[in-house]
Amino acid sequence: QVQLVESGGGLVQPGGSLRLSCAASGSIFSIHTMGWYRQAPGKQRELVAAITRGGSTNYADSVKGRFTISRDNAKNTVYLQMNSLKPEDTAVYYCRGFDRVVDYWGQGTQVTVSS
């Protein structure tokens with residue numbers, strides 16, 4: 001049983017950067033896919049970025065070129081580097097780890113992009 005805890009959210013100005021971290025209480029080595037999702041007020045939760053155990057990545061079109069997902073299996077941590085932030089990026093960001101047999105979600109961390 002793995003718990004995921006996000007950190008690094010906060011208030012940032014448009015054009016700024018944040019790095020989110022997702023720390024797992026156990027090993028993520030065997031979890032096929034780690035991902036970041038976000039949910040803005042009044043909207044559905046959406047995939048932001050995902051990375052597989054083999055290193056393949058996938059990004060929402062809206063964040064391509066601005067966000068980078070990475071995973072450090074040795075540290076049991078997943079990161080989301082967010083650059084050139086826009087007000088539209090404002091949301092609660094959730095970490096997720098899933099494969100055929102498990103599905104873990106973190107509690108979320110608030111990211112607010114505003115001047």
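Read on for a plain summary of the structure. Residue positions within a chain follow its written sequence, with the count starting from 1. Only residues with pLDDT of at least 70 are given local features in this predicted model, and only at 80 or more are side-chain atom pairs given and counted; all residues enter the totals for whole chains, interfaces and linings. By convention in this description, side-chain values take in all heavy atoms of the structure and omit both hydrogens and water.

1. Focus: the pairing of strand β8 (residues 77-82)
In plain terms, the rule: Exposure classes here rest on a 1.4 Å probe applied to the protein chains alone. A residue is buried below 20% of its type maximum, exposed above 50%, and partly exposed in between. Note on conventions: DSSP H or I runs of at least 4 residues are helices, E runs of at least 2 residues are strands, and numbering of each starts at the N terminus. Pairs of strands are assigned from DSSP output, requiring at least two bridges between the strands.
The buried fraction of β8 is high, at five of six residues. Pairing analysis gives six bridges linking strand β3 (residues 18-24) to β8, with the strands arranged antiparallel. The residue bridging Ala23 from the neighbouring strand is Thr77, located in β8. As consecutive antiparallel partners, strand β7 (residues 67-72) and β8 are separated by four residues, and within that stretch Asn76 has a phi angle of approximately 55 degrees, a positive value.

2. Quick notes on the side chain of Arg96
Cut-off, in case you're wondering: As used in this structure description, the phrase polar contact means that two N or O atoms lie within 3.5 Å; if the pair is within protein, one of them must be able to donate a hydrogen and the other to accept it, and residues adjacent in sequence are counted only when both atoms belong to side chains. Contact between two residues is taken to exist if any of their heavy atoms lie within 4.5 Å; hydrogens are not considered.
Structurally, the position occupied by Arg96 is in strand β9 (residues 91-98). At 2.8 Å, the side chain of Arg96 and the side chain of Tyr37 are in polar contact. With residues near it in sequence (within four places) discarded, Arg96 still touches Leu4, Thr33, Met34, Gly35, Tyr37, Asp103, Tyr104 and Trp105.

3. Focus on the nonpolar core
For the record, the criterion: What is meant by a nonpolar core is a set of buried Ala, Val, Leu, Ile, Met, Phe, Trp, Tyr and Cys residues, joined one to another through side-chain atoms within 4.5 Å.
In terms of nonpolar packing, the biggest core is built from 30 residues, with Trp36, Leu80, Met82 and Tyr93 touching the most fellow members. Put simply, the parts of the chain that give this core at least two residues each are β3, β4 (33-39), β5 (46-52), β7, β8, β9 and β11 (109-113). Among the elements that line this core, the one with the most residues is β3, at four residues. Excluding anything up to four places from it in sequence, Leu80 contacts Leu18, Arg19, Leu20, Trp36, Val48, Ala49, Phe67, Thr68, Ile69 and Tyr93.

4. Observations concerning the pairing of β11
Residues of β11 alternate between two faces, with Thr109, Val111 and Val113 buried on one and Gln110 and Thr112 left unburied on the opposite face. As judged from the three bridges shared by strand β2 (residues 10-12) and β11, these two strands associate in the parallel manner. Bridge pairing in β11 links Gly10 to Val111. One ladder, built from three bridges, connects β9 with β11; its direction is antiparallel. Following the sheet pairing, Val92 is matched in β11 by Gln110.

5. Digging into the sheet that holds β7
Whether parallel or antiparallel, the strands of a sheet pair through hydrogen bonds between backbone atoms. Stated formally: Orientation is described by axes fitted as lines to C-alpha atoms, over the contacting stretch for helices, and by angles from 0 to 180 degrees between their N-to-C directions.
A sheet is described by the order of its strands in space; here four strands give the open sequence β1-β3-β8-β7, paired in antiparallel fashion. Looking at the sheet topology across the chains shown, the edges are occupied by β1 (4-7) and β7. For this sheet the average axis-to-axis angle between neighbouring strands, irrespective of direction, equals 15 degrees. For β1 and β3, the ladder comprises four bridges, and the chain directions are antiparallel. Counterpart to Ser7 in the pairing with β3 is Ser21.

6. Things to note about the pattern of salt bridges
To keep it simple, the criterion reads: Salt bridge, as used here, is a side-chain nitrogen of Lys or Arg placed within 4 Å of a carboxyl oxygen of Asp or Glu.
In the structure shown here, the tally under the stated rule is five salt bridges. Among the ionic pairs, Arg38 bridges to Glu46, the shortest N-O distance being 2.8 Å. A relative accessible area of 6% means that Arg38 is categorised as buried. A salt bridge links Asp89 to Arg38; its shortest N-O distance comes to 2.9 Å. With Asp89 in the loop between β8 and β9 and Arg38 in strand β4, the pair connects residues that are 51 residues apart, well separated along the chain. A relative accessible area of 1% places Asp89 in the buried class.

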